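So you can see what is in the structure, the chains are spelled out below.
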Amino acid sequence: MRGNSLIDGTRNLTRDALFDGNLTVFQEKEGYRFSVDAVLLAGLTRIRPVDRIVELGTGCGVVALVLAHRRKTKHKIFGIEIQAELAGLARRNVEENALTARIEICEMDFRDASRRFAPESFDLILSNPPYRKTGSGRINPNRQKAIARHELASTLPDLFSAAWRLLPQGGRIALIYPAARIGHLLCCANAGGFSPKRLRIIYSRPGGPGRLVHLECSKGGGEEATIEPPFYIYREDGEFSDTMLELYKE
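One structure accompanies this document, and this report is about it. Everything quoted here is computed from the prediction, not taken from an experiment. (Residues numbered from 1 in each chain as written. Predicted model: local features only at pLDDT ≥ 70, side-chain atom pairs only at ≥ 80, totals over all residues. Heavy atoms only, no water.)

## Considering the overall build of the protein
Logical step 1: Secondary structure assignment for the protein yields eight helices and twelve strands.
Logical step 2: A buried classification covers 49% of the 250 residues belonging to the protein.
Logical step 3: If you take every contact in the protein between residues at least 6 apart in sequence, the share linking residues at least 24 apart comes to 68%.
Logical step 4: Taken as a whole, the protein presents about 11700 Å² of accessible surface, with 49% of it coming from carbon and sulfur. (Helix = DSSP H or I, 4+ residues; strand = E, 2+ residues; numbered from the N terminus. Buried < 20%, exposed > 50% of the residue type's maximum accessible area, 1.4 Å probe, protein only. Contact = heavy atoms within 4.5 Å. Areas by Shrake-Rupley, 256 points an atom, 1.4 Å probe, with all protein chains shown as cover.)

## As for empty space enclosed by the protein
Logical step 1: Applying the stated rule across the entire model yields one cavity of 30 Å³ or more.
Logical step 2: In terms of lining, the largest cavity is formed by Leu-18, Phe-19, Ala-38, Val-39, Ala-42, Gly-43, Val-62, Val-63, Val-66, Arg-70, Leu-247 and Tyr-248.
Logical step 3: Here the lining of the largest cavity gets four residues from one element, more than from any other, and that element is helix α1 (residues 36–44).
Logical step 4: Of the residues belonging to the lining of the largest cavity, the class tally is ten nonpolar, one polar and one charged. (1 Å grid on protein atoms, 1.4 Å probe; cavity = no way out; pocket = protein on both sides within 12 Å on 5 of 7 lines; lining within 4 Å. Points joined across faces, edges and corners; volume = space filled by probe spheres on them. Nonpolar A, V, L, I, M, F, W, Y, C, P; charged D, E, K, R; others polar.)

## Points about the packing of aromatic side chains
Logical step 1: Counted according to the given criterion, the structure contains eight aromatic pairs.
Logical step 2: An angle of 85 degrees between the planes, with centres 6.2 Å apart, marks the rings of Trp-164 and Phe-194 as edge-to-face. Taken together, the residues span a long stretch of sequence, with Trp-164 in helix α6 (residues 156–166) and Phe-194 in strand β9 (residues 194–203) at a distance of 30 residues.
Logical step 3: Overall, Trp-164 belongs to the partly exposed group, its relative accessible area being 37%.
Logical step 4: Measuring from ring centre to ring centre gives 5.4 Å for Tyr-203 and Tyr-232, while their planes differ by 35 degrees; the resulting arrangement is tilted. Of the two residues, Tyr-203 is situated in strand β9 and Tyr-232 in strand β12 (residues 231–232); the sequence distance between them amounts to 29 residues.
Logical step 5: Here the aromatic cluster, defined as three or more aromatic residues joined through ring pairs, consists of Phe-78, Phe-117 and Phe-122.
Logical step 6: Taking NZ or CZ as reference, Lys-219 lies 4.1 Å from the ring centre of Trp-164, over its face. (Phe/Tyr/Trp six-rings, centres within 6.5 Å; stacked < 30°, edge-to-face > 60°. Lys NZ or Arg CZ within 6 Å of the ring centre and 35° of its normal.)

## Some thoughts on the nonpolar core
Generally speaking, a soluble globular protein has its nonpolar side chains buried in company with each other.
Logical step 1: Leu-40 and Val-62 are the most contacted members of the largest nonpolar core, which totals 42 residues.
Logical step 2: Discounting residues that sit within four places of it in the chain, Val-62 has contacts with Leu-18, Val-25, Phe-34 and Ala-38.
Logical step 3: Within the second largest apolar cluster, 30 residues are counted, among which are Val-54, Phe-122, Ile-173 and Leu-215. (Core = buried A, V, L, I, M, F, W, Y, C linked by side-chain atoms within 4.5 Å.)

## Some thoughts on the pattern of salt bridges
Once their charged atoms are close, side chains differing in charge can pair, the charge on each being opposite to the other.
Logical step 1: Applying the stated criterion across every chain, the model contains 15 salt bridges.
Logical step 2: A salt bridge links Glu-216 to Arg-46; its shortest N-O distance comes to 2.9 Å. Remark: Arg-46 occurs in the loop between α1 and β4 (53–56) and Glu-216 occurs in strand β10 (residues 210–219); sequence separation between them is 170 residues.
Logical step 3: Judged by relative accessible area, which is 3%, Glu-216 ranks as buried.
Logical step 4: Its relative accessible area of 39% is what places Arg-46 among the partly exposed residues.
Logical step 5: For Arg-111, the salt bridge goes to Asp-109, with nearest N and O atoms at 2.7 Å. (Salt bridge = Lys/Arg side-chain N within 4 Å of Asp/Glu carboxyl O.)

## Considering the side chain of Asp-109
Logical step 1: By secondary structure assignment, the location of Asp-109 is in the loop between β6 (103–107) and α4 (113–116).
Logical step 2: Within the structure, the side chain of Asp-109 is placed 2.7 Å from the side chain of Arg-111, a separation counted as a polar contact. (Polar contact = N/O pair within 3.5 Å; in protein donor to acceptor, adjacent residues only side chain to side chain.)

## Here's the deal with the environment of Phe-110
Logical step 1: Tracing the backbone through its elements, the reader meets Phe-110 in the loop between β6 and α4.
Logical step 2: As for Phe-110 and Glu-81, which are separated by 29 residues in sequence, their C-alpha atoms are 7.3 Å apart.
Logical step 3: Excluding residues that lie within four positions of it along the chain, Phe-110 makes contacts with Leu-56, Gly-57, Ile-80, Ser-154, Asp-158, Leu-159 and Ala-162.

## Let's talk about unusual backbone geometry
Logical step 1: In this model, Asp-20 sits at a positive phi of 55 degrees, which is unusual for a non-glycine residue.
Logical step 2: Positionally, Asp-20 belongs in the loop between β2 (11–18) and β3 (23–28).
Logical step 3: Overall, the relative accessible area of 72% leaves Asp-20 in the exposed class.
Logical step 4: One non-glycine residue, Glu-120, lies in positive phi territory at about 60 degrees.
Logical step 5: Note that Glu-120 resides in the loop between α4 and β7 (124–127).
Logical step 6: Under the relative-accessibility criterion, Glu-120 is labelled partly exposed at 43%.

Structure follows, in structure tokens:
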């Protein structure tokens, strides 16, 4: 990814490039910025051409942008974002990349998504939900970062509740979440009526502890699940692993 900063009125933005400059992403320089989590979510989730997709908590829209750019589905992709500044930035990114026919950004609380979308409107939900409980650790003074990282605007049970309404039986939800909170993630999934189906542990580098998990759950379904091979972000020399580099390719 390449980037350079620019001033846009009173907003300090960076203009970052993915896929050798074929995809442009504007981000707040000081506010919430997408991380490797977004690249992992877009790259590791299994997506079929017929999937109707919505991302809950789309931020600046990078996951939807990557999927639309790669033409992973024949349907329009929806991104829901509660923060007005980020929703506006996501729309700008969609327009900048000429993807308005393939992506629609909705500024709203995903807990109210059923007011905008009929039940069972989607086949796949994607999300990088907030991973810190309110009251645990220092709340970031930057509001965008605080809402993205702490459960200030929504909780994990809220996410599964919204997913239950938006997905048909057998519909899937895919998430990236801290490995240290996998117990909480699996409990919330089961309590929300979802069965874990595919789990991959993501490591920073070989020999280290698991850092993140990529989990795909199905609405309903049996107990059988697949544990995927481990995924390493970096090699021992600190450079991106071959599997990580693949996620940055067209």
